[in-house]
Structure formats: structure tokens, C-alpha cells
Amino acid sequence: MKYVFVYGGVFSGLGKGVVTASIARLLKASNLRVSVVKIDPYFNYDAGTLRPTEHGEVWVTWEGVETDMDLGTYERFLNQRIGGNCNLTSGKVFGEVIEDERKGKYLGRTVQLIPHVVEKILEKISEAAENSDVVVVEVGGVVGDYENIPYLLAARLAEMGERNDVIHVLVVYFPIPPHLGEMKTKPAQHAIRQLFSHGITPDVVIGRAPVPLDGVRKEKIERTTGIPRERVISLPDLKNIYEAPVYLKEEGITEVFRERWGLPDPKLSDWEERLRRMEDPDDEVRIVIAGKYVKIGDFELPDSYVSILEALKHAWAETGVRPEVTLLDTRELDERVLLDADGVIVPGGFGATGVEGKIRAVQLARENDIPFLGLCYGMQLAVVEFARNVAGLEGAHTTEVEGNTPHPVIDVLPEQAEVLGKGLYGGTMRLGEYAAHLIEGSLARRVYEGSGWYEEAESLEEVFREREELYRMGKTEKPFIFERHRHRYEVNPRYIHTLEDAGLVFSGIHVRYDGVPLVEFVETPDHPFFLGTQPHPEYKSRFERPSPVFVSFIRAASR
Ligand code: GLN
């Protein structure tokens, strides 16, 4: 097993996730089987209970594990499924050590950070990297944090196996204080020395800064730390994160892989073709995301919708149509901006904040023939809107917001509540991939035709059968596709007929093992593009394999 460890220096939020993903993509392009592991040194067991406004979006893996959003970055870059066990937290590591101790695994011995916790870390990394040639490990936080010391010790332990099998990469910031106007190297020097103090010598230093590092700075690092200047690599702010692998390659990072591991030059021709289409778009469309934007102090975090923003970029790279995105707050909906849009997205969400504005956004898009995409909550609210304004079900709502609504068109199904309540599905939400059959002649069917999604579903079904997760298919008719879910509420099956009679089309259905139909896709005919998805197609969109839903939506917006 080969390892690349990626550390951060000076402060977090440097784009370490993008660097990790880029390195992984380059190694894959050199024909290695690659795994990626994200280490979060906090003591939560997983990210499911973290506030999205603080930590960004909650990512959901294919098997339904809620993780840090960096796993999403890896999947989008690597174009392969990244499992939930690729997110390692201190909660998991220490939890297991304590469990082992209780089981008597360490009988008679004192259980300690060294060697027991450190060995457990390496064990968990190898578990996650099963069947790979190399694992790229991103250590969360920055060197100098108390919390990540055990992981630095683990990296050193890996190196004690075989120095040549391990490459250490430090991603570090080079500030340019405005009152000096000069790039300073001292914080980077200190970060490098911090790594030294843990017995780790970085093989590569990646310099993050607004602009590329010049020869003077690289030489300064060489003189003060002994890291050769050609191993000090620039990664300035890029306007498009997908340029990062190409940039790093041109800066010479793959030289290290060649020298150390004899790897061939990575080929990224399709990747570069997609970058060219983004660089030189044929058309531009205005896309409004009508959502809830919570402020923390004076700052807003658009990270809560990162998968949607990335899926739009992937569609851009595929179609050459550039989406210009406006984030519109539905607590005070500006209807003019909405009516000006070429396409409207109502994203996923929870609770009552801004909900009437979201419903109004659906109505405006529906009545004015503006291409519309409702994702999860957005789809549920599209059903509410249709029930109220077309089917004449006054006061229709989701019971998530209005428990006493006369028409609970969106509700927690009693049996679903029971099953979820018993914990039979792992959590209290429907999480991970579920099958959906798409009705012939529907927009949903046209969207997925020829996308490769049916083929993917076949291989995924095999995996789920092996894992004995038959409920993920239920009794759903074939052909079906799989998309990823994260929700608690469903379209109430009692209203399906009434809404159908009023003209709503339920174009994607998952048939639960007991025969109850769960609605996956809705649409209205006689509209250029009006699609609601109970799953989140944005979770499966990748740079080299964009989501067909987003591609079709962008094409419709461009028409
Ligand atoms: N709040 C809704 C539910 O729980 C939708 C969730 C979402 O959009 N992810 O069903």
C-alpha cells in the first residue's frame, strides 16, 4: 500500500480538499487504483448532526452515510463512489479503541495513544482503502492543532513501514499583507517546522496564495527549511477549481510521483476538453436558486448548496452553456429577479423558514413557463403548490410545517415512521440510494435516456444484493435508476389520484417492499421543463459524468 498524506498549514479553508482530490485524480490518471480518506479530528461520530451553516453541506454517500462535504469533492473529481468509511473521525477511532478495550482485546495492557490509537488509525485507513494501490489521506485542520497530533503520529508510523511508500504534502498559505504589498514566507516556514517537530519532512509544499509564488519565495523556503525549491509548488486562486489538477501537473507535482514511484505521465484529455468548453461557452443562462440563506454573524455560507453549484458547473462543462447563478432569499422573495430568470431551482431544505416564498417561486416558474427544478424539499413544495393552486385543495401543506393542514399532501407515512422509528434503516431519515422506475413517455424518462444511468443501476443492484439491502430496490419495476436520498417526508399516497386527476404527473416511482408507492419524480406536462425530484441528483453529479437532470435543465434554460 502506498500513501499520500495531505496536511494544512497556517489556517484551514485553503482548498486542501481540492488539492487532495486533484492529487487523487492525477494518480488515477497514472493508472493506479486510488482511495481517498478524509480525517476529521472532532469527536462527533459523524457529520449528520453538525450544523450545515457552520460546516457546510452534509454529504450523503451512496450507502447512506452522512459525512463531511470533502467526500463530495473527492467523488466529483475522482468519478468513483467514495464510501462512508472514507470519512474518519476521532469519534470513530477513539470509540473503537474503547470498545476493543471493553471486549478485552488488550487484556492486561495499558491502552495508550501510542501505540493503540495510532495503530487503530492506520487500520481504519487500510480498511477504507481496500483493493487500492494508493490511498490519499487528507488530515483535517492544520499542523499545530492539538487534535490532529494522533494522525501525524499515524503518518509517521506508516512511513516506518517503508519510507518510499509514503509521500507527505503540506498545503500552506503565503499571505500578501496589503500594507506591505509583498508575499511573506514566514508563516509557511513555521508550519514546515511544526511538521518537522512531529518527525515528518514534507516531500512537497503547495503554496496557496492569490498569485503564483516567485523564485525568490521558493528559494527562501529552500534556504530556511531545506525543502528543494522545485518541490515548492504554486497553487494560486483559480477561477475554476477543476483547473487544479492540470495546474498542479504543469507545476511539476507529478515529477515527484514519477521519481518516487515510477508512475507514467497522467492523461487528462477529456478533462481538459471540458475545461475548454467552460472557458469558451456558447451561451449563458440566468439561474435562480430560491432558498434559505442563514447568516452567521456578518457572514453567509453558500457552502450549504455546494453540490448544486457544482452540478451546475458539470452541466456547463458538458453543454457549453454557462449558468450565471443568483442566490435568492425566499424569506423576502424578489419576484422581479425570479421572473427574469431562465431557470429556477428550489433546493432541499428543512422547516418553515421562507417556505411560502419557495412555494411562490414554484408558482411563478410554473405559470410563466420558466424551466423549473425542485430538489427534495423543492419537489415536495411543488406538490403543495400544485395541490393548492391547481387541484383546489385549499390549505394543502406538508405536515413538516403545518401539522393540522386539511390536506397533508406531504407527510410522514405511518408505516415509514414505524420502520424508521425501529431503526431498521439505520437512521431516522431515508438515506442513500433507492431505485426509481421512470414512466414511459415522461420528461424524467427522456432526461435519463442514454445517460448510462440504467447501466450504473445494474452494477449497483448487484452490490446492494450482496449487502442484503434489498429494500433499496423494493419491488420497483425495471428499468430503474438509482439516486441519492436524504429526507423524512414523502408524497402522501392518498393524494396521488386527486393530484393526477388535476394534471400532475408522477413520473418516477419507488415501490416499497410492501407494495406502497413512494413518489420519486413529479412533473407537469404543457410546460417547457418542470421537474421535481424527491432524491438529490446533485449528489451523483461529477465533472466527467454530469447529472442528466442538471444537463437537461440547463439545456431547457438555454432554449
Ligand atoms: N424536509 C424534507 C424532508 O425531510 C426535505 C429534506 C430535504 O430537502 N433534504 O423530507
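Remember, predicted model here, so these are calculated numbers, not experimental data.

A closer look at the packing of aromatic side chains
No. 1: Scanning the model with the defined rule gives 19 aromatic pairs in all.
No. 2: Aromatic side chains Phe529 and Phe553 sit 5.9 Å apart centroid to centroid with 55° between the ring planes, which places their arrangement in the tilted category. With a gap of 24 residues between them, Phe529 in the loop between strand S22 (517-523) and strand S23 (530-533) and Phe553 in helix H20 (residues 548-558) connect regions that are remote in the sequence.
No. 3: Here Phe553 falls in the buried class, since its relative accessible area comes to 0%.
No. 4: Three or more aromatic residues joined by ring pairs form one cluster here, namely Trp62, Phe464, Phe480 and Phe482.
No. 5: Between the NZ or CZ atom of Arg322 and the centre of the ring of Trp316, over which it lies, the distance is 5.8 Å.

Quick look at the site of the ligand
No. 1: All residues adjacent to the ligand are Gly348, Gly349, Phe350, Cys376, Tyr377, Gln380, Glu400, Arg486, His487, Arg488, Tyr489 and His536.
No. 2: In this structure, an oxygen atom belonging to the ligand sits 3.1 Å away from a side-chain N or O atom of Gln380.
No. 3: Between a nitrogen atom of the ligand and a side-chain N or O atom of Glu400, the distance comes to 2.7 Å.
No. 4: Grouping the amino acids of the shell around the ligand by side-chain chemistry returns 4 nonpolar, 5 polar and 3 charged.

Quick look at the packing of helix H11 (residues 269-279) against helix H12 (residues 306-319)
No. 1: It is the contact of H11 with H12, at a shortest axis distance of 7 Å, that shows an interaxial angle of 95°. One way to sum up the angle between H11 and H12 is to call them roughly perpendicular. Contacts from Arg274, Arg277 and Met278 of H11 reach H12 at Lys313, Trp316, Ala317 and Glu318.
No. 2: Classifying every residue of the contact of H11 with H12 by side-chain character gives 3 nonpolar, no polar and 4 charged.

Remarks on the environment of Arg193
No. 1: Position of Arg193 among the secondary structure elements: in helix H7 (residues 186-197).
No. 2: Under the relative-accessibility criterion, Arg193 is labelled partly exposed at 38%.
No. 3: Here the alpha-carbon distance between Arg193 and Asp203, two residues 10 residues apart in the chain, equals 13 Å.

Some thoughts on the pattern of salt bridges
Note that side chains of opposite charge can pair when their charged atoms are close.
No. 1: For the structure on display, the rule yields 60 salt bridges.
No. 2: Glu335 is paired through a salt bridge with Arg360; the nearest N and O atoms lie 2.7 Å apart. Linking Glu335 in helix H13 (residues 335-339) with Arg360 in helix H14 (residues 355-367), this pair joins segments that are 25 residues apart in sequence.
No. 3: Overall, Arg360 belongs to the partly exposed group, its relative accessible area being 30%.
No. 4: Ionic pairing is found between Glu520 and Arg430, a salt bridge with its closest N-O pair at 2.8 Å. Taken together, the residues span a long stretch of sequence, with Glu520 in strand S22 and Arg430 in strand S18 (residues 430-438) at a distance of 90 residues. No difference in accessibility class separates Glu520 from Arg430, as the two residues are buried.
No. 5: Counted as one network, the salt bridges with shared partners bring together Glu75, Arg81, Glu433, Glu456, Arg484, Lys540, Arg542 and Arg545.

Criteria and cut-off values
- Residues numbered from 1 in each chain as written.
- Predicted model: local features only at pLDDT ≥ 70, side-chain atom pairs only at ≥ 80, totals over all residues.
- Heavy atoms only, no water.
- Phe/Tyr/Trp six-rings, centres within 6.5 Å; stacked < 30°, edge-to-face > 60°.
- Helix = DSSP H or I, 4+ residues; strand = E, 2+ residues; numbered from the N terminus.
- Buried < 20%, exposed > 50% of the residue type's maximum accessible area, 1.4 Å probe, protein only.
- Lys NZ or Arg CZ within 6 Å of the ring centre and 35° of its normal.
- Near = heavy atom within 4 Å.
- Polar contact = N/O pair within 3.5 Å; in protein donor to acceptor, adjacent residues only side chain to side chain.
- Nonpolar A, V, L, I, M, F, W, Y, C, P; charged D, E, K, R; others polar.
- Axes fitted to C-alpha atoms, helices over the stretch in contact; angles between N-to-C directions.
- Parallel < 35°, antiparallel > 145°, perpendicular 65-115°, else oblique.
- Contact = heavy atoms within 4.5 Å.
- Salt bridge = Lys/Arg side-chain N within 4 Å of Asp/Glu carboxyl O.

Honestly, it's all geometry; don't read function into it.
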